[in-house]
Amino acid sequence: MPSLSVLPPKCLQKPLLVPHRHMFGPGPSNVPSRILEAGANPVIGHIIHFTGTGHTAMECAIFNTVESGDSVLTAVNGIWGERAAEMAERIGARVNTIVAPPGGFFTNAEIEQALSKYRPVLFFLAHGESSTGVLHPLDGIGQLCQRYNCLFLVDAVASIGGAPLHMDQQGIDILYTGSQKVLNAPPGTAPISFSERACQKIFSRKSKPVSFFLDLNWLANYWGCDGKPSRVYHHTGPVTAFFSLRESLAVLVEEGLENSWERHQKVAEYFHTGLESMGLKLFVKEKKARLPTVTTIVAPHGYDWKEITSYIMKTHNIEISGGLGPSVGLVLRVGLMGCNSSKANVDMVLGALKDALKHCHKSKV
Ligand code: PMP
């Protein structure tokens, strides 16, 4: 008679089998073996970095800079501005949004008008809007934020390493990304960076941030960057995930940031030309606003987008995805990020799409 009434699940008695898949959706992307192997190093004590995914970094930025009753402005041209607005609302901020249609973006004049109207303490903008495939121009916005005494928060989860970005020159106060996209590391860690101005605001706030886990007073000490001689236990970081992240950054350094930006741009243009020559349409009309890491394709007329993505997964072992938030039903999304950004992979995706359009059901109307 077993002494336990609940037996261990049978599936845990079999070896773990993870299928190989081409991860060409908006993330996570494939992790090269060099980066995976770095994560197989032995676990040691605490080291420096952010624990948690892109959402954690987003909440960390908002929770530490905004106090209840503060005014916050978010730019909504997809799902990420909506989420930032919701996070700020949850901590009692007065939130206003500027809204562009999915696939669109904002001019500096529109942003300035809203800054002057709402006088926010924080302005959120997604550099790479992965739900709509937009790369937002950044020049001049940081300087506008400085003029209106507002911090400039930029989400670069889907863009860092794959598109040009200059945190200091562009006057960005808080910038975060995720490990699982262009960096090709496993999900679960999120690099984040703060300007001097952001630190001044964060460390002079009147109330404590609502989250203990994301309180930067604690995290700065944990990361060893608060100038104090000793570090106090805060939480247990996913050390092996940090090893992989470190290796992914080493891979980027070896290629060179500018080379990586250029490669992503060239591959994206090659992909876009291939899609258009198949008769497919790109969702983002303005060429310079197309995100080179995640491409949004107008959902082909007469087809069910879900049938296309499942066909491609089943027949070609390739993961691509449909829309998200305001782009649901409107687009197919293909992410070619980091090591996945190559002309050979573009050819593979174009072949799979051609095949899907031939074999999936097409309505006559
Ligand atoms: N921002 C953007 C632009 C993203 O693409 C994502 C992930 N899809 C996130 C934030 C959230 O990241 P995570 O899923 O790692 O929490």
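What you are looking at is a predicted structure, and each value in this text was computed from that prediction instead of being measured.

**Quick look at the domain arrangement of the chain**
When the parts of a complex come together, some accessible area is lost, and that lost area is often used as the size of the interface.
Alright, step 1. The domain boundaries assigned to the chain delineate domain 1 (22-33 + 263-359) and domain 2 (54-222).
Alright, step 2. A separation of 27 Å is found between the C-alpha centroids of domain 1 and domain 2.
Alright, step 3. Tallying the contact residues gives 29 residues for domain 1 and 27 residues for domain 2.
Alright, step 4. Among the elements that make up the side of domain 1 that touches domain 2, the one with the highest residue count is strand 10 (residues 294-298) (3 residues).
Alright, step 5. Of the residues that constitute the side of domain 1 that touches domain 2, the class distribution is 15 nonpolar, 11 polar and 3 charged.

**Details of the sheet that holds strand 3 (residues 94-99)**
Alright, step 1. Pairing in this open sheet of 6 strands is mixed, and the strands run 3-2-4-7-8-9 from one edge to the other. At either end of the open sheet lies a strand with only one pairing partner, and these are strand 3 and strand 9 (192-194). Geometrically, the sheet is characterised by an average inter-axis angle of 15 degrees between neighbouring strands, direction not taken into account.
Alright, step 2. One ladder, built from 3 bridges, connects strand 8 (residues 174-176) with strand 9; its direction is antiparallel. Counterpart to Tyr176 in the pairing with strand 9 is Ile192.
Alright, step 3. Packing against the sheet, helix 3 (residues 79-90) makes contact with strand 2 (71-76), strand 3, strand 4 (122-126) and strand 7 (151-155), and its axis sits at approximately 160 degrees to strand 2.
Alright, step 4. Running over the sheet, helix 4 (residues 108-118) touches strand 2, strand 3 and strand 4 and is turned about 160 degrees from strand 2.

**Some points on the pairing of strand 4**
Alright, step 1. The element strand 4 is largely enclosed, with a buried count of 5 among its 5 residues.
Alright, step 2. Of the two faces of strand 4, the one lined by Leu122, Phe124 and Ala126 and the one lined by Phe123 and Leu125 are each fully buried.
Alright, step 3. For strand 4 and strand 7, the ladder comprises 5 bridges, and the chain directions are parallel. Its bridge partner lying in strand 7, Ala126 is registered against Asp155.

**Some words on the environment of Lys208**
Alright, step 1. The residue Lys208 is located in the loop between helix 6 (196-202) and helix 7 (216-222) in this model.
Alright, step 2. Accessibility expressed as a C-beta count within 10 Å gives 12 for Lys208, which makes it exposed.

**Focus: the nonpolar core**
Nonpolar side chains in soluble globular proteins generally cluster together in the buried interior.
Alright, step 1. Formed by 98 residues in total, the largest nonpolar core has its most connected members in Ala61, Ala88, Phe123, Leu153 and Tyr176.
Alright, step 2. Sequence-distant contacts of Ala88, that is, excluding residues within four places in its chain, are made with Ile62, Val66, Val72, Ala93 and Val95.

**Describing helix 2 (residues 54-65)**
Alright, step 1. Between its terminal C-alpha atoms helix 2 stretches 17 Å, which fits the 16 Å expected from 12 residues at 1.5 Å a residue.
Alright, step 2. Burial analysis of helix 2 places 11 of its 12 residues in the buried class, which makes it a mostly covered element.
Alright, step 3. Burial in helix 2 covers these residues: Gly54, Thr56, Ala57, Met58, Glu59, Cys60, Ala61, Ile62, Phe63, Asn64 and Thr65.

**Focus: the pairing of strand 2**
Alright, step 1. The element strand 2 is largely enclosed, with a buried count of 5 among its 6 residues.
Alright, step 2. Bridging between strand 2 and strand 3 involves 6 bridges; their strand directions are parallel. Note that in strand 3 the partner of Val76 across the bridge is Val99.
Alright, step 3. Each parallel crossover has a hand, and the one from strand 2 via helix 3 to strand 3 is right-handed.

**Section: the site of the ligand**
Alright, step 1. With respect to spatial proximity, 14 residues lie near the ligand, and among them Thr53, Gly54, His55, Ser130 and Val157 are the closest.
Alright, step 2. For the shell around the ligand, a count of residues per class yields 6 nonpolar, 7 polar and 1 charged.

**Some words on unusual backbone geometry**
Alright, step 1. For the peptide bond that leads from Gly27 to Pro28, omega is 0 degrees, which places it in the cis range.
Alright, step 2. Here Pro28 shows up in the loop between strand 1 (22-23) and helix 1 (33-38).
Alright, step 3. Located in the positive-phi region is Arg119, a residue other than glycine, with phi close to 45 degrees.
Alright, step 4. Assignment of secondary structure puts Arg119 in the loop between helix 4 and strand 4.

**Digging into the confidence of the model for the chain**
Alright, step 1. Here the chain averages 95 in pLDDT, and 98% of its residues register 70 or above.
Alright, step 2. Interface predicted TM-score (ipTM) for the complex: 0.97; the corresponding pTM is 0.95.

**Focus on the UniProt feature "modified residue: N6-(pyridoxal phosphate)lysine" (unreviewed entry) in the chain**
Alright, step 1. UniProt records the feature "modified residue: N6-(pyridoxal phosphate)lysine" (unreviewed entry) at Lys181, using the numbering of this structure.
Alright, step 2. Not counting residues within four places of it along the chain, the set of residues in contact with Lys181 comprises Gly27, Ser29, Val157, Ala158, Thr293 and Met337.

**Structural notes on the packing of helix 10 (residues 305-316) against helix 11 (residues 343-359)**
Alright, step 1. Their axes nearest at 9 Å, the elements helix 10 and helix 11 cross at an angle of 115 degrees. Crossing geometry of helix 10 relative to helix 11 is assigned as right-handed. Residue-level contacts link Ile308, Tyr311, Ile312, Thr315 and His316 of helix 10 to Ala352, Asp355, Ala356 and His359 of helix 11.
Alright, step 2. Each residue belonging to the contact of helix 10 with helix 11 can be placed in one class, and the counts come to 5 nonpolar, 3 polar and 1 charged.

**Remarks on helix 8 (residues 239-255)**
Alright, step 1. Along its 17 residues, helix 8 runs 25 Å from first to last C-alpha, staying within 8% of the 24 Å computed at 1.5 Å per residue.
Alright, step 2. Residues Phe242, Phe243, Ser244, Leu245, Glu247 and Ser248 constitute the buried set of helix 8.
Alright, step 3. Gly256 lies just past helix 8 and shows a positive phi near 95 degrees.

What counts, and where the lines are drawn
- Residues numbered from 1 in each chain as written.
- Predicted model: local features only at pLDDT ≥ 70, side-chain atom pairs only at ≥ 80, totals over all residues.
- Domains from an automatic or database assignment.
- Contact = placed C-beta atoms within 7 Å.
- Helix = DSSP H or I, 4+ residues; strand = E, 2+ residues; numbered from the N terminus.
- Nonpolar A, V, L, I, M, F, W, Y, C, P; charged D, E, K, R; others polar.
- Pairing = 2+ DSSP bridges.
- Axes fitted to C-alpha atoms, helices over the stretch in contact; angles between N-to-C directions.
- Buried ≥ 20, exposed ≤ 12 C-beta atoms within 10 Å, placed from the backbone.
- Core = buried A, V, L, I, M, F, W, Y, C linked by C-beta atoms within 7 Å.
- Expected span 1.5 Å × (residues − 1).
- Right-handed = clockwise from strand over helix to strand, strands pointing away.
- Near = placed C-beta within 6 Å.
- pLDDT = per-residue confidence, 0-100.
- UniProt positions renumbered as here; feature names shortened; annotations may be inferred.
- Left-handed = near helix turned anticlockwise from the far one by under 90°.

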